[in-house]
Amino acid sequence: MKKLFGYLKGYGGPFSLAIIAIILATVMQLSVPILIKYAIDSIIGDVEPGRLQFLMDAFGKSLGGVVLIIVVMSLLRGVFMFLKGYLSSYAAENIAKDIREKLYTQIQYMTFERHTRKETGDMVQRCTSDVETIRRFLGVQVVDLGRIIFMLGFTLVIMSTLNAELTLYSMIMIPVLFFFSYIFFTKIQKTFKKSDEAEGKLTTVLQENLSGVRVVRAFGREEHEIDRFEDVNASHRNITYKLIETLAVFWASSDFLTLLQNGIVLVVGAGMVIRGELTIGTLTAFITYVSMLLWPVKQLGRLLSEFGKTTVSIGRIEEILSEDIEVDQPNEGEPEIYGNISFRNVSFGYDEHQRVLENVSFELPVGSTLGILGSTGSGKSTLVHLLQRLYDYEGSIQIDGHELKDIRRGWIRKKIGLVLQEPHLYAKTVKENIGITKRNYKEKEIFDAAKAASIHSNILTFKEGYDTIIGEKGVSLSGGQKQRIAIARTIIDSDKRILIFDDSLSAVDTETDMRIRNALKSRSKDITTLIISHRIATLAEADNIIVLDEGRIVQMGTHEELIQEEGLYKRIWDLQQMAV
Ligand SMILES: Nc1ncnc2c1ncn2[C@@H]1O[C@H](COP(=O)(O)OP(=O)(O)OP(=O)(O)O)[C@@H](O)[C@H]1O
């Protein structure tokens, strides 16, 4: 509740005006039965107007005058309802926009560790459906709450002025209806949560399938994928069905209670009319007012159930907003980075029970190249993650003598260029993709980077050259072309003092691989480079090579040294030599 009102901050003005507008609309609505009573009793019939003498003074016995005023009031009600809709939507849309922005910013700064633990589909759902639930609640229900309270109070006052005894009869069902709504609200909350989770799972499966479509086709997993989707789809259907069923039971039962209440008033009221204790006009007004009285009670139930759903959504959003984010500490600085790297007894595990790196130590002077070889899962990418300060580590990692933990994350990442094996390219032009890190790259800089990455001549063969759009709406690139564009995108940035190629030359042939490495070397002699590769030819020219096995360095040396000693390096070298 506190959180919900927190969201309203800054939009109190439009919300208050919306509530005033809806109260005025309700006044117009509630006045109509009084006018009808007057018309029936005092204009058509011959009953003394009593408290309604003021109507007699204003309209005399003119039915036309009363009808006219009913029309005017209905029009005014329409105007006030429009204002309420306009103002509350304005506030709710802005609040939803604010929440989305907050979430997006949080996601940008959330620690990498938290990111890897979250399912993408679920996150997308929290940023869309859950925000939508809050928007709907604030845009419709909160303002309705003002109307409900006012309507309930005002209807009761009018009714009791007309006839206190019949008012009591009209209230019999109120506690029943309210209690019923409350139980329903408690029950439905869990189902709403389950429904949200099922929707999240559905989105996750869909998202995974779309992004992994090539793997699915390659392994002929279509049927398995369809089965998997059918499972989550069926479970989503079942939960939603149960939800709708429960809601239907609620609406039907509450309608029954309302009708029952109408019946009670009609029977008791008719008896009173027969006994001459009530006029027909008052009974007519009462029947209308009973519906008006029970509507807010029922709405209160609905509001409570929507509130249940909204609290679940708020909880899911707050869960993301309260996740750990990368926060700069006061001791973290922005020292000049040249590129001397030193790992001393570095150990790390994604969880406490399993070490992924164990006592890793090596020195990498500025401008030199380190080759990293190791079987899958041996910790190569993890080592690179640590260098980017994505995780905390044990031991010491120093860059130019500064402990990595004391260097601001944003600063060190600005200085380190990382090319992944499967880079993510944007659905933009080739030129925009290469120059993504800065807006104002000159064409020559883009061409030079592309040339160094051995992709320039390829790009020129595309239909629109550097202006060709990459991705679904444009050209489909091969794995090697993607890798080379990603290399060009990384090396164009002259701020980078350290370059990391995480198996990012795997999809290019040996010759292109060599051409790229030579071009990089001649571009800048003082950039420190780390190359992870399964291909010995890619690593052979490195100044130093480490071989990782289950997180430990098991061999270290130059290519010439390593092919002399027995071990993984020589075994792979021999195998690759044989293949050649
Ligand atoms: N985010 C993560 N959370 C938990 N465990 C992880 C995470 N990332 C990697 N691991 C585990 O850490 C170990 C090392 O993974 P890493 O990706 O560093 O290996 P790698 O040598 O780069 O492998 P590959 O050559 O296949 O890329 C593996 O056992 C892997 O399952």
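Criteria and cut-off values
- Residues numbered from 1 in each chain as written.
- Predicted model: local features only at pLDDT ≥ 70, side-chain atom pairs only at ≥ 80, totals over all residues.
- Heavy atoms only, no water.
- Phe/Tyr/Trp six-rings, centres within 6.5 Å; stacked < 30°, edge-to-face > 60°.
- Helix = DSSP H or I, 4+ residues; strand = E, 2+ residues; numbered from the N terminus.
- Buried < 20%, exposed > 50% of the residue type's maximum accessible area, 1.4 Å probe, protein only.
- Lys NZ or Arg CZ within 6 Å of the ring centre and 35° of its normal.
- Near = heavy atom within 4 Å.
- Polar contact = N/O pair within 3.5 Å; in protein donor to acceptor, adjacent residues only side chain to side chain.
- Nonpolar A, V, L, I, M, F, W, Y, C, P; charged D, E, K, R; others polar.
- Pairing = 2+ DSSP bridges.
- Axes fitted to C-alpha atoms, helices over the stretch in contact; angles between N-to-C directions.
- Contact = heavy atoms within 4.5 Å.
- Salt bridge = Lys/Arg side-chain N within 4 Å of Asp/Glu carboxyl O.
- Parallel < 35°, antiparallel > 145°, perpendicular 65-115°, else oblique.
- Left-handed = near helix turned anticlockwise from the far one by under 90°.

1. A closer look at the packing of aromatic side chains
- Across all of its chains, the model carries eleven aromatic pairs by this definition.
- Taking the centre distance of 5.7 Å and the plane angle of 80 degrees together, the rings of F112 and Y391 count as edge-to-face. Taken together, the positions of F112 in helix α5 (residues 112–117) and Y391 in the loop between α12 (380–387) and β4 (394–399) put the pair 279 residues apart, joining distant regions of the chain.
- Ring geometry for F447 and Y466: centres 4.5 Å apart, planes at 40 degrees, overall tilted. Residue F447 is located in helix α15 (residues 443–452), and its partner Y466 is located in the loop between α16 (456–461) and α17 (479–491); the two are separated by 19 residues in the primary sequence.
- The buried category is assigned to Y466, whose relative accessible area is 6%.
- One aromatic cluster in this structure is built from F112, F348, Y350 and Y391.
- Looking at K405, its charged tip hangs above the ring of Y393, at a distance of 4.3 Å from the centre.
- The residue whose ring lies beneath K415 is W411, and the NZ or CZ to ring-centre distance is 4.5 Å.

2. Details of the site of the ligand
- By nearness alone, 13 residues border the ligand, and G377, G379, K380, S381 and T382 come closest of all.
- Here an oxygen atom of the ligand and a side-chain polar atom of S381 are 2.8 Å apart.
- A per-element tally of the shell around the ligand places α12 first, with three residues.
- By residue class, the composition of the shell around the ligand is three nonpolar, nine polar and one charged.

3. Overview of the sheet that holds strand β3 (residues 369–374)
- Reading across from one edge, β6-β7-β8-β3-β9-β10 is the order of the six strands in this open sheet, with mixed pairing throughout. If you trace the sheet from one side to the other, it starts and ends with β6 (416–419) and β10 (552–557), each paired once. Recorded for the sheet is a direction-independent mean angle of 15 degrees between the axes of neighbouring strands.
- Of the pairings in the sheet, the one linking β3 to strand β8 (residues 528–532) comprises four bridges and is parallel in character. The residue bridging I372 from the neighbouring strand is I532, located in β8.
- Along the sheet, α17 contacts β6 and β7 (498–502); its crossing angle with β6, the most-contacted strand, is approximately 175 degrees.

4. Looking at the sheet that holds strand β5 (residues 402–403)
- Reading across from one edge, β2-β1-β4-β5 is the order of the four strands in this open sheet, with antiparallel pairing throughout. This sheet does not close on itself; its edge strands, each paired only once, are β2 (357–364) and β5.
- Sheet analysis places strand β1 (residues 341–348) next to β2, joined by five bridges and oriented antiparallel. Bridging across to β2, S342 finds its partner in E363.
- Against the sheet, α12 engages β1, β2 and β4, with an angle of about 115 degrees to β1.

5. A closer look at the environment of L300
- Along the chain, the position of L300 falls in helix α11 (residues 280–321).
- L300 gets classed as buried once you look at its relative accessible area, which sits at 18%.
- Placed 151 residues apart in sequence, L300 and I149 show a C-alpha to C-alpha distance of 9.0 Å.
- Sequence-distant contacts of L300, that is, excluding residues within four places in its chain, are made with L145, I148 and F178.

6. Some remarks on the pattern of salt bridges
- Under the criterion given, the structure shown has 27 salt bridges.
- The salt bridge partner of R217 is E222, with a shortest N-O separation of 3.6 Å.
- Across the pair E394 and R355 runs a salt bridge, and its minimum N-O distance is 3.0 Å. With E394 in strand β4 and R355 in the loop between β1 and β2, the pair connects residues that are 39 residues apart, well separated along the chain.
- Judged by its relative accessible area of 43%, E394 falls in the partly exposed class.
- One network of salt bridges, in which partners are shared, links E93, E132 and R135.

7. Remarks on the packing of helix α2 (residues 12–44) against helix α4 (residues 63–109)
- Interaxial distance between α2 and α4 falls to 8 Å at its minimum, and their mutual angle equals 160 degrees. Taken as axis vectors, α2 and α4 run roughly antiparallel relative to one another. α2 and α4 meet at a crossing whose hand is left-handed.
- Looking at side-chain class alone, the contact of α2 with α4 contains 28 nonpolar, three polar and two charged residues.

8. Some words on the environment of G379
- Within the fold, G379 resides in the loop between β3 and α12.
- Residue classification places G379 among the buried residues on the basis of a relative accessible area of 6%.

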